[in-house]
Amino acid sequence: MLLAPMSSRLNTETVGIKRDAPQARPDSSRWRNWLGVTPFFLFTFLFIVLPSAYLLVGAFRNNSTGQFTLGNFLGLFTPEILSAYWVTIRISAVTALGGGLLGFMMAYAVTVGGLPRWVRTTLLTFSGVAANFAGVPLAFAFIATLGRTGMVTVFLKTILGLDLYDQGFSLYSFWGLSFTYLYFQFPLMVLTITPALDGLKREWREAAENLGASTFQYWTRVALPILMPPILGAMILLFGNSFGAYATALSLTGGFINLVTIVIGSQIKGDILYNPGLGYALAVGMVVVMAMAMMIYFALRRRSERWLRQ
Amino acid sequence: MSFLTLANISKTFGATVAVADFNLNIEKGEFVSFLGPSGCGKTTTLRMIAGFEMPSTGIITLDDMDITYQPPNQRNVGMVFQAYALFPNMTVAQNIGFGLQVRKTPPAEIQKRVEEMLALIHLEEFASRYPYQMSGGQQQRVALARALAIQPRVLLLDEPLSALDAKIRVELRLEIRRIQQTLGITTVYVTHDQEEALSLSDRVVVMSRGHMEQVGTPYEIYNYPTTEFVASFVGQLNLLPIANLDRTARSCTLAGQPVHFEHSTDRPISDTPRLAIRPEEFWLGDGQGRNLLRGRVETLIFLGAIIRVRVDIGDGVLISADLFNARSLNLPRVGDEVLVSFPVHACWLI
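Residues numbered from 1 in each chain as written. Chains lettered and ligands numbered in written order. Predicted model: local features only at pLDDT ≥ 70, side-chain atom pairs only at ≥ 80, totals over all residues.

1. Some remarks on helix α10 (residues 215-243) of chain A
Every α-helical turn comprises 3.6 residues, leaving residues that sit three or four positions apart pointing alike. Definition in use: In this description a helix means any DSSP run of H or I spanning at least four residues, a strand means any run of E spanning at least two, and both kinds are numbered starting from the N terminus. For a helix, the expected span equals 1.5 Å multiplied by the number of residues minus one. Fitting axes to the seven residues that end at a residue and to the seven that start at it, the angle between those axes gives the bend at that residue.
Look at α10(A): only 36 Å from first C-alpha to last across 29 residues, short of the 42 Å you get at 1.5 Å a residue. Its axis deflected by about 50° at A:Leu224, α10(A) carries its strongest bend there, up to four residues before the proline A:Pro225.

2. Observations concerning the packing of helix α5 (residues 117-130) of chain A against helix α8 (residues 174-198) of chain A
All names here are of chain A. Note the cut-off: Where helices are involved, their axes are fitted lines through C-alpha atoms of the stretch in contact, as for all axes, and angles between N-to-C directions lie from 0 to 180°. Small angles under 35 degrees read as roughly parallel and large ones over 145 as roughly antiparallel, with 65 to 115 read as roughly perpendicular and the rest as oblique. Here a crossing is called left-handed whenever its near helix is offset anticlockwise from the far helix by less than a right angle, and right-handed whenever the offset is clockwise. Contact criterion: two residues are in contact if their C-beta atoms, reconstructed from the backbone, are within 7 Å. Think of it as three bins: nonpolar holds Ala, Val, Leu, Ile, Met, Phe, Trp, Tyr, Cys and Pro, charged holds Asp, Glu, Lys and Arg, and polar takes everything else, Gly as well.
Two elements in contact, α5 and α8, have axes separated by 8 Å at closest approach and are oriented at 125°. Considering the angle they form, α5 stands oblique to α8. Crossing geometry of α5 relative to α8 is assigned as left-handed. For the pair α5 and α8, contact is made by Leu 123, Leu 124, Phe 126, Ser 127, Gly 128 and Ala 130 and by Tyr 183, Phe 184, Pro 187, Val 190, Leu 191 and Thr 194, respectively. Considered class by class, the residues forming the contact of α5 with α8 number 9 nonpolar, 3 polar and no charged.

3. Points about the confidence of the model for chain A
Parts of the prediction with low pLDDT should not have their coordinates interpreted in detail. Where we set the bar: Residue-level confidence of the predictor is what pLDDT reports, using numbers from 0 through 100.
In this model, chain A carries a mean pLDDT of 85, and residues with pLDDT of at least 70 account for 87%. The low-confidence segment residues 1-19 of chain A (pLDDT under 50) makes 0 contacts with residues lying over four places distant or belonging to another chain.

4. Some points on the domain arrangement of chain B
Interfaces are often described in size by the accessible area the parts lose on coming together. Definition in use: The domain limits used here are those given by an automatic or database domain assignment.
Split into domains, chain B comes out as domain 1 (4-231) and domain 2 (236-349). Computed from C-alpha atoms alone, the centre-to-centre distance between domain 1 of chain B and domain 2 of chain B is 38 Å.

5. Here's the deal with the interface of chain B and chain A
Taken together, the contacts link 20 residues of chain B with 20 residues of chain A. Residue assignment for the side of chain B that touches chain A shows that the elements contributing at least two residues are β6 (77-80) and α2 (92-102) of chain B. Classifying every residue of the side of chain B that touches chain A gives 14 nonpolar, 4 polar and 2 charged.

6. Things to note about the nonpolar core
If you look at soluble globular proteins, the nonpolar side chains tend to sit buried side by side. To be explicit about the condition: The nonpolar core criterion groups buried Ala, Val, Leu, Ile, Met, Phe, Trp, Tyr and Cys residues into a set whenever they are joined through C-beta atoms within 7 Å. Note on burial: count the other C-beta atoms lying within 10 Å of the residue's C-beta; 20 or more is buried, 12 or fewer is exposed, in between is partly exposed, and C-beta positions come from the backbone.
Counting residues in each nonpolar core, the largest one holds 155 residues, and the members touching the most others are B:Leu156 and B:Leu275. The element contributing the most residues to this core is α10(A), with 13 residues. Each of domain 1 (4-231) and domain 2 (236-349) of chain B gives at least three residues to this core. Apart from residues no more than four positions distant in its own chain, B:Leu156 is found in contact with B:Leu46, B:Ile49, B:Ala50, B:Val77, B:Gly78, B:Met79 and B:Val188.

7. A word on helix α5 (residues 166-183) of chain B
Residues and elements named next belong to chain B. Short version of the rule: Relevant arc is that of directions from the helix axis to the C-beta atoms, nothing else.
The terminal C-alpha atoms of α5 lie 26 Å apart, and with 18 residues this matches the ideal 26 Å at 1.5 Å per residue to within 8%. Buried within α5 we find Leu 172, Arg 173, Ile 176 and Gln 180. All buried residues of α5 lie within an arc of 115° about the axis, which places them on one face of the element. Among the exposed residues of α5, those pointing more than 90 degrees away from its buried face are Lys 167, Leu 174, Arg 178, Gln 181 and Thr 182. Where the residues of α5 are buried, they touch β3 (31-35), α4 (136-149), β8 (186-191) and α6 (194-200). Just past α5, the residue Gly 184 takes up positive phi, approximately 65°.

8. Some thoughts on the environment of B:Glu175
Residue and element names in this part refer to chain B. Among the secondary structure elements, Glu 175 is positioned in helix α5. For Glu 175, a count of 18 C-beta atoms within 10 Å corresponds to the partly exposed category. As for Glu 175 and Leu 120, which are separated by 55 residues in sequence, their C-alpha atoms are 9.6 Å apart.

Here you go:
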């Protein structure tokens, strides 16, 4: 009996709190969340937006007078620079196709192919490292193995009697550079295409078989059409990856191969060809090519993700 | 000879026995369900019929032909998967026509068949939609139409309704049965949902730990379960400890209160027999049958059409009684003393 008044009071106090509506988060947590992503925005602004704007402005400015000009862009249409773009596009296309095919086959083997789990783990770990292994160390690694006096070259020559360089191969040529690029291209393909291959449902294959399809019919009518957007997307990524490569080519060929990135380097910091305005215009051209590649990639990825939504 | 026969089928994965000594004859046009909990081997058995798994031992024959080792794409067996498995890059019409297309059927014939199938599942206006633009229930109908388009000899359904919400499940269940009866197609249906199995099937195969527990019509399975597993898995069951068992007089005591039961000799009894009674066999009051128990209401659980009353009859023994939620029902309150009666034929020993 004595408890009754106390329980009444408690009830009254409980009613006093608005329990039927969820309480809004305190405002202080909102600005803390924004504070968390501030370094990202700062980084993006300082190292992407600002340099891009600087490039764009520089590309339209005369080197000596500082006045607006289209001369830098007109300068792109010289045979040497057009050839640089053409070589860069060719090497990017070749390594995107080669790396894409090689990477796809490897990713297929460790996902759909049903190899032991440790092979998959090993390949993905290696790919994670190799996809980011470019520049001087990569060039040196290839010179040490496939250069004129490289280990593999010497081994093939002395033990098997096969002289690669007599057969027309040169590490310092278009195909030599393409071969070197494959070292970071195929791992990137492995990393980007493995999730797509994992996304292929076992039931799709079984449903196709159950409906009378052969393995070939399943791949041509179901699996490859589903995988085509991510495959093409990944290849465009590979194309862009190769298109922007600089240090590996410079270290390996010393500028003998006329790539856009090497031409930009010589225009911006060169002693003889110093023309920053042209360099900026070249870089803007690259940004345009890369942006187009990325736009195609995102469009294809969105299409694939829409399909795979269940 | 039966249309589909599974003789001495077993399947092992390493040391794990997924299916053991499975024997079943299915007649043409029959609807048979494999019912059991997860891991009981029902899907593995279905996959062996489809050809996705090879039996470790035994033979599967379909229409007098040994199909045990025949590849899945040569069996002409239609299958509907739990997760629909529609091809996401194809429209509804393309999905339905896929099986005919890979068989190199003329386009005009494919179109005609697709239209027939779309009419059968009442989705004529969805022909050009992609799977992602449809609900789960619609996708599963398309999956059913796709499996039926090839005019399979047997239709296999692997828990086709388990990914759907309750209302759609009931609707589609009726739809599946209607289509099966319209086409007269031999069907094997896998489910862990007893209501699905009982409402759809001509016969039910109850499975547990890779073994067949019982095969029978839904009525037989529910009313005359032959094992404790079947009795407890299919429907609700009170399994109550007894004392003073007199097999001759068919009587015993339950929490010190006398009970009479019927016992059929074809039902095996365990070494420590217990009394089995379905909750719906109880009656509140003394108006039903010969057995009468006295107890106190412990809980009342409202289940919509049914109200489950749990009654403590002493010695810590609780019984569950299901009462129809009629407006005239005079419900006791928790703590009330009540009499619970049930007929002699309603209980049996396990």
